[in-house]
Structure formats: C-alpha cells, structure tokens
Amino acid sequence: MGGAVPELPMTADGFESRARELLDARAFAYVAGSASSERTAAANLAAFERFRLVPRMLRGTSGPGTRDTAVEVLGTKLAAPVLTAPVGVLELLHEKGEVVVAGVAKELGVGSVLSTASSSTVEEVGAVAGDWWYQLYWPADDELARSFVQRAERAGARAIVVTVDTPSLGWRPRDLELAHLPFLLGKGIANYLSDPVFRAKLPAPPEESEDAMRMAILTWVGLFGNHTLRPADLAKLRDWTDLPIAVKGVLHPDDARLVVDAGADGILVSNHGGRQIDNSIAALDALGPIVAAVGDRADVLFDSGIRTGSDILTALALGAKAVCYGRPWAYALGIAGAPGVRHALRLLLADFDSAMGLSGCADLAGVTRDLLAVPR
C-alpha cells in the first residue's frame, strides 16, 4: 500500500525464474528436474486448466483475512489446509534447510513433512518444528525402518507418511547431464548416518575418515528403496508406532482401497511431482476417483502441481482435506533462506484466502464439488 516494490517474486513461475538465475546449476536441476521428458510434471499443471472454478456470489462472506481456513487432518490441527511437501537434500539450497522450513511452517500455522532424505536429522528438526510429519522411504531393512519411525515419534512427529512410489529413483536426465546424485556425495543422508541401526552395519564410523564415509555411502546405496513392499507390510508399521499412517504416491483407486483395508489412516494422492515416471496420469485426475473409492474411511490429501490458492481450492473441492506444496518454497529457500520461505508460504495462504472469499466460501465446509465446472 506504500508503493514499495517487493524484492522477491510474487508467483511460482517467478520463484523458478529467479532460482534459475541465482542457484548453482546442480541445485537448480535437482529441484526443477522430473522424469524423462517431464511430461508428468507438465500434466500436473495442465490438469488444473481442466477443472475451472464456478464462483458463487451474494453469499455474505466475510472480508480478507477473516475466512476460517482451519482444518484437522490425520489428527493434526492446522491453521490452513497446507503442509510443506517432503523435499529432500535441502542443504543444496541452504545449510540448515529443513530446520528453516520447519520453523517457518510453525510460525505460519501450517504443517510440514520431513523427508527421510533430509540433510538435518529428525531430532534437529523436531526441536524447532510445530505440527510436523515424518515421510518414510522404507529401506530394504525393516530394523532400520523401525528405527527411523521410532526416532521420528520420539522427536515429536504427529504422523508417518510412507512414500510407496520410490522403490528406486526415477530416470532424471537433468541430474544425469550434470553427473549429479547428491546422495553419492554424502548429502541428504543425515538420518542414516545418525542412526544406530545403520551405524552398526558400518566397519567404521563415517566421520572417522574419507574411506569410512565412502563405505557409509555404499551401504546407503544397498539399503535405499524397497521393491518388496506390499499393503500387508503396513501391519508392521502399526506395530512400530501409534501415530496416524498415511500412504503417499497412490494414483489408482484399487491401490487406495488396498492400503486403507490394510490399516492406513490417510492417502496422499501424488505422482511425486512428476519425478518418478514419465507420462503418468496427472495427480489431480486421480484425486476424485480415490476420494470416491475410500469414502470416509481415510483422510485424503493431495500433492503434485499446487502453485496457487485457486489450485488449493480446486483440490479441496475434489475431496482433499489438505494439500502439500513443494517446489516454489524450495526455490525461495535457495534464493533468500527463511525470509524466502516465509514469503512464498504467505503468498500462497493469502491467495487461497482471497480465492475462498471470491468464490463465496466463508469456511472450508463451503468448498464443495459444485464449485467446479465439468472438466473440459
């Protein structure tokens, strides 16, 4: 209102453009890259073009900043239906990236989801985080998986999110062109290096020498990812923790039914932001059928393609209880640290509040399927 021009971008595209200019090429490629031709990532964004909002008028909604956006999902109460998505290896963008993001999310009253592939440990993040969840890449060793989960619970995590679409990493040409996989440089494996079960598998402590670190990295290579997981394995997870369990990476209604039947409390509809398989169905196109398949037996969340407040409104109208938001705040982290993350999240929340009010919604109960036109 004072006419001051903002120093940071005001759109998701703006964050990406600025990050391309400022970030190290390998860091930018790691965040921006997707699988193969990147058609899935493009489809995620294009899907929102097909679901157009039909705003309702003359509903007497309250003014900006006064709409009720509070929600409870998987037993966690949030000021808005938004969580920061689990983005790994944030040290590529900021030395204490995961700690910074968790602190800003707490400040703004939104949730945060910490990746197994983080550069800070669950204990470091738990010390500063508010309402946070732990995302598990289930390793090829159940004892190590159990240790991760129980460490996260002791550190204060409110839910466990099991990612099932990454039994191995997708084909990512941007990283291949730069010969860059950060894990092979010892980055993004802090939770492994600090874990007693993992360390017991090593011939020497990784901090002892370069050779010891190389052996730790090779051990990580043999343990990351698990192609043997089945829905029945959720029973093990239920034995390990009392926390709510969500399964991330589900796109087919039958898979959603199977994991809910196996005991999952939530489904996170996601195609990993397009990073795992090329030419996959857009995550948004999978959301409605999965909501219909599980009904009220599980909380359904959405991830992959959220860029604006209207995108959130669309996902909620299709039945999601909350959304995960990823790449734009990651770019902002690399551009400006904590102020960048705060700016990116505040923009999204203000945009969502505006979209709610202009669509005739005073609270989340008013966000229903009839806000959307028939898909084109």
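Preceding block: the structure.
Residues numbered from 1 in each chain as written. Predicted model: local features only at pLDDT ≥ 70, side-chain atom pairs only at ≥ 80, totals over all residues. Heavy atoms only, no water.

Caption draft 1: Examining the overall build of the chain more closely. What the chain contains, in helices and strands, is 15 helices and ten strands. The C-alpha atoms of the chain give a radius of gyration of 20 Å, which matches the 21 Å a tight globule of 376 residues would have. The buried share of the chain, reckoned over its 376 residues, is 56%. Counting contacts in the chain only where the partners sit at least 6 residues apart, residues at least 24 apart contribute 74% of the total. Side-chain charges of the chain comprise 36 positive and 45 negative groups, with the mean position of each set lying 3 Å from the other. (Helix = DSSP H or I, 4+ residues; strand = E, 2+ residues; numbered from the N terminus. Rg over C-alpha atoms; globule rule 2.2 N^0.38 Å. Buried < 20%, exposed > 50% of the residue type's maximum accessible area, 1.4 Å probe, protein only. Contact = heavy atoms within 4.5 Å. Lys, Arg positive; Asp, Glu negative; His and termini not counted. Charge placed at Lys NZ, Arg CZ, Asp CG, Glu CD.)

Caption draft 2: Examining the packing of aromatic side chains more closely. Enumeration according to the criterion identifies ten aromatic pairs in this entry. Summarising the aromatic geometry, the rings of F48 and F302 are spaced 6.1 Å apart at their centres and angled 80 degrees between planes, so their arrangement reads as edge-to-face. Here F48, found in helix α3 (residues 39-50), pairs with F302, found in strand β9 (residues 299-302); they are 254 residues apart in sequence, far enough to count as distant. Among the residues examined, F48 registers a relative accessible area of 10% and is labelled buried. Assessed through its relative accessible area of 0%, F302 is described here as buried. With a centroid separation of 5.7 Å and 75 degrees between ring planes, the pair formed by Y192 and F198 is classed as edge-to-face. (Phe/Tyr/Trp six-rings, centres within 6.5 Å; stacked < 30°, edge-to-face > 60°.)

Caption draft 3: Looking closely at the environment of E98. Here E98 lies in helix α4 (residues 97-108). Its relative accessible area of 4% is what places E98 among the buried residues. Through-space distance from the C-alpha of E98 to that of L53 is 34 Å; in sequence the pair is 45 residues apart. Of note is the side chain of E98, whose polar atom sits 2.8 Å from the backbone nitrogen of S119. (Polar contact = N/O pair within 3.5 Å; in protein donor to acceptor, adjacent residues only side chain to side chain.)

Caption draft 4: Up close: helix α6 (residues 142-155). Taking 1.5 Å of rise per residue, the 14 residues of α6 would be expected to cover 20 Å, and the 20 Å separating its terminal C-alpha atoms lies within 8% of that figure. If you check which residues of α6 are buried, you get L144, A145, S147, F148, V149, R151, A152 and A155. Regarding α6, its N-cap is D141, as a side-chain oxygen of that residue lies 3.0 Å from the backbone nitrogen of E143 further along. Backbone geometry just downstream of α6 places G156 in the positive-phi region, at approximately 110 degrees. (Expected span 1.5 Å × (residues − 1).)

Caption draft 5: Here's a closer look at the pairing of strand β10 (residues 322-325). Residues A322 and C324 point to one face of β10 and V323 and Y325 to the other, with burial holding for every one of them. Pairing of β9 with β10 involves two bridges; the strand directions are parallel. Bridge pairing in β10 places L301 opposite A322. Traced from β9 through helix α14 (residues 309-317) to β10, the parallel crossover comes out right-handed. (Pairing = 2+ DSSP bridges. Right-handed = clockwise from strand over helix to strand, strands pointing away.)

Caption draft 6: Molecular detail of the environment of S354. Of note, S354 is situated in helix α15 (residues 327-358). Residue S354 is classed as partly exposed on the basis of its relative accessible area, which comes to 30%. Separated by 44 residues in the primary sequence, S354 and S310 have C-alpha atoms spaced 8.8 Å apart.

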